[in-house]
Amino acid sequence: MKMALRACLRTKPGLTALLSQLSCSGHAAARRAPALVAQRSSSSTSQKIKVDFDQSSGVAVMHMQSPPVNSLSLEFLTDVCIALEKLEMDKSCRGLVVTSSQPKVFSAGLDILDMYGKSPEHCAEFWKAVQEMWLKFYGSNMITIAAVNGSSPAGGCLLSMTCDYRIMADNPRYSIGLNETKLGIVAPFWFKDTMVNTVGHRATEMALQLGLLYSPAEALKIGLVDQLVHEDQVLTTATETMTKWLAIPGILNISYTCHFFHLWCCNLVCTICSCVCQVIAAKKIHLSQDF
Ligand SMILES: CC/C=C\C/C=C\CCCC/C=C/C(=O)SCCNC(=O)CCNC(=O)[C@H](O)C(C)(C)COP(=O)(O)OP(=O)(O)OC[C@H]1O[C@@H](n2cnc3c(N)ncnc32)[C@H](O)[C@@H]1OP(=O)(O)O
């Protein structure tokens, strides 16, 4: 799916426009202009994001440092998107590792306090920022690896699933999954689609219906993560793994992209049809109540 988005962002101007409308792209850029990284190795920091870029390897490491649990607030999401935009614009950056500077937690998911009791304008901006993060990671031209060094529920799990590869700390205290159901929330369809693309239909059905959080071992078993390593080795394994991914010629990447793009389009058409059916059904119910 990520590759599919990459392809359409490269090759389909119409869809790019569609996606950019969906994602309100540019809202982050409008706030702070991106800067190109000139040094061989550099480090740039916002309050909540630290990026170390090694120009010799072309690999950047994004450290999420929003205490206590890297919850995805509007401010944090905006910082993430800005950092990503800057890296994306620097063509020498080919790989990105995302990890957490917070102990025991990769990301606690969407910031619940930023969704509750806020103005409609704030909620709209917040929700657009969530979509923007998703699109930017999924549509990135860089190879992305999530170094999941702690728990990663809900939106945190989504963030990791938008990456090409996930390495998780092998600590049974940590968990990962889309647990929205347990919170009394329905996960949006694109959360669901992202999980289907990662672990398949049946596993997603079980995961979402029951709001399951998986231990690292369980997550590995269903393919929610790709590799488990000792807690101390998550970041180094991620950078080693990146070397292997970057050795694959980009052209092959693009070929796979076309296959996945086809699947993604089919999925999108189905989703639109299902939305139309739901609207028609809702109207029918409404009419039958009137008479
Ligand atoms: C505006 C929106 C419009 C439309 C959308 C509406 C609905 C669509 C919903 C979309 C789908 C939702 C996706 C989500 O991501 S919802 C968030 C789900 N997250 C969770 O369930 C995680 C909850 N947290 C935990 O499980 C644990 O905190 C965690 C991450 C395992 C860490 O555990 P631990 O180290 O023991 O830390 P604490 O639990 O003690 O937490 C420390 C501190 O952090 C606060 N906190 C935790 N999670 C969140 C969060 N998601 N948002 C905000 N704050 C969080 C926690 O309350 C503690 O705060 P305190 O002040 O008490 O120290």
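All residue numbers refer to positions counted from 1 along the written sequence of the respective chain. At least 70 in pLDDT is required for a residue's local features to be given in this predicted model, at least 80 for side-chain atom pairs to be given and counted, and no such filter applies to totals for whole chains, interfaces and linings, which use all residues. Remark: hydrogens and water are excluded; side-chain values derive from all non-hydrogen atoms of the structure.

**What to know about the site of the ligand**
Argument step 1. Here a residue is considered near a molecule or strand provided that any single heavy atom belonging to it is located within 4 Å of it. In the vicinity of the ligand there are 22 residues, among which Ala108, Leu110, Ile112, Ala154 and Gly155 approach most closely.
Argument step 2. Two N or O atoms form a polar contact when they lie within 3.5 Å of each other; inside protein one atom must be a possible hydrogen donor and the other a possible acceptor, and for residues adjacent in sequence the pair counts only when both atoms belong to side chains. In the model, a nitrogen atom of the ligand is placed 2.9 Å from a nitrogen or oxygen of the alanine 108 main chain.
Argument step 3. Take glycine 155: an N or O atom from its main chain is 2.9 Å from an oxygen atom of the ligand.
Argument step 4. At 3 residues, helix 5 (residues 120–138) tops the list of elements feeding residues into the shell around the ligand. Helix numbers and strand numbers start at the N terminus; a helix is a DSSP run of H or I with at least 4 residues, a strand a run of E with at least 2.

**As for helix 4 (residues 74–89)**
Argument step 1. An expected span of 1.5 Å times one less than the residue number is assigned to each helix. Its 16 residues place the ends of helix 4 22 Å apart at the C-alpha level, agreeing with the 22 Å of an ideal helix rising 1.5 Å per residue.
Argument step 2. Burial here depends on accessible area, computed with a 1.4 Å probe over protein chains only, as a share of the maximum for the residue type. Under 20% is buried, over 50% is exposed, and the range in between is partly exposed. Buried residues dominate helix 4, accounting for 13 of its 16 residues.

**Some details on the packing of helix 4 against helix 5**
Argument step 1. It is the contact of helix 4 with helix 5, at a shortest axis distance of 9 Å, that shows an interaxial angle of 35 degrees. As helix 4 packs across helix 5, the resulting crossing turns out to be left-handed. In this structure, helix 4 contributes Leu74, Leu77, Val80, Cys81, Leu84, Glu85 and Glu88 to the contact, and helix 5 contributes His122, Glu125, Phe126, Ala129, Val130, Glu132, Met133, Lys136 and Phe137.
Argument step 2. Gly is put with the polar residues, along with every residue not named as nonpolar or charged; the nonpolar set is Ala, Val, Leu, Ile, Met, Phe, Trp, Tyr, Cys and Pro, and the charged set is Asp, Glu, Lys and Arg. Residue composition of the contact of helix 4 with helix 5, grouped by class: 10 nonpolar, 1 polar and 5 charged. A fitted line through C-alpha atoms serves as each axis, taken over the contacting stretch for helices, and the angle formed by two N-to-C directions is quoted from 0 to 180°. With the far helix as reference, a near helix turned anticlockwise by less than a right angle produces a left-handed crossing, and one turned clockwise produces a right-handed crossing. Only heavy atoms enter the contact rule, under which two residues are in contact if any of them lie within 4.5 Å.

**A word on the packing of aromatic side chains**
Where two aromatic rings form a pair, the distance of their centres and the angle of their planes describe that pair.
Argument step 1. Two rings from Phe, Tyr or Trp (for Trp, the six-membered ring) form a pair when their centres are within 6.5 Å of each other. A pair whose planes differ by under 30 degrees is stacked, one over 60 is edge-to-face, and the rest are tilted. Applying the stated criterion across every chain, the model contains 5 aromatic pairs.
Argument step 2. Measuring from centroid to centroid gives 5.0 Å for tryptophan 134 and tryptophan 190, while their planes differ by 50 degrees, and the two rings are tilted. Note that tryptophan 134 is positioned in helix 5 and tryptophan 190 in helix 7 (residues 189–199), a separation of 56 residues in sequence.
Argument step 3. Ring pairs connect the aromatic residues Trp127, Trp134, Tyr138, Trp190 and Phe191, which therefore count as one cluster.

**Observations concerning the confidence of the model for the protein chain**
Argument step 1. What pLDDT expresses is the predictor's confidence in each residue, scored from 0 to 100. On average, residues of the protein chain carry a pLDDT of 84, and 79% of them reach 70 or more.
Argument step 2. Confidence drops under pLDDT 50 across residues 8–39; counting only partners more than four residues distant or on other chains, this segment forms 55 contacts.

**Brief notes about the sheet that holds strand 5 (residues 143–148)**
Argument step 1. In this description, strands pair whenever DSSP reports at least two bridges between them. Ordered by their spatial adjacency, 7 strands build an open sheet running 1-2-3-4-5-7-9, and the pairing between neighbours is mixed. Strands with a single pairing partner mark the edges of an open sheet, and in this sheet they are strand 1 (41–45) and strand 9 (227–229). Taken over all neighbouring pairs, the strand axes of this sheet differ in orientation by 20 degrees on average, direction set aside.
Argument step 2. Bridge count for strand 5 against strand 7 (residues 165–169) is 4 bridges, and the pairing is parallel. Among the inter-strand pairings, isoleucine 145 is bridged to a residue of strand 7, identified as tyrosine 165.
Argument step 3. Contacting strand 3 (59–64), strand 4 (95–100), strand 5, strand 7 and strand 9, helix 10 (residues 234–246) crosses the sheet at an angle of about 160 degrees to strand 5.

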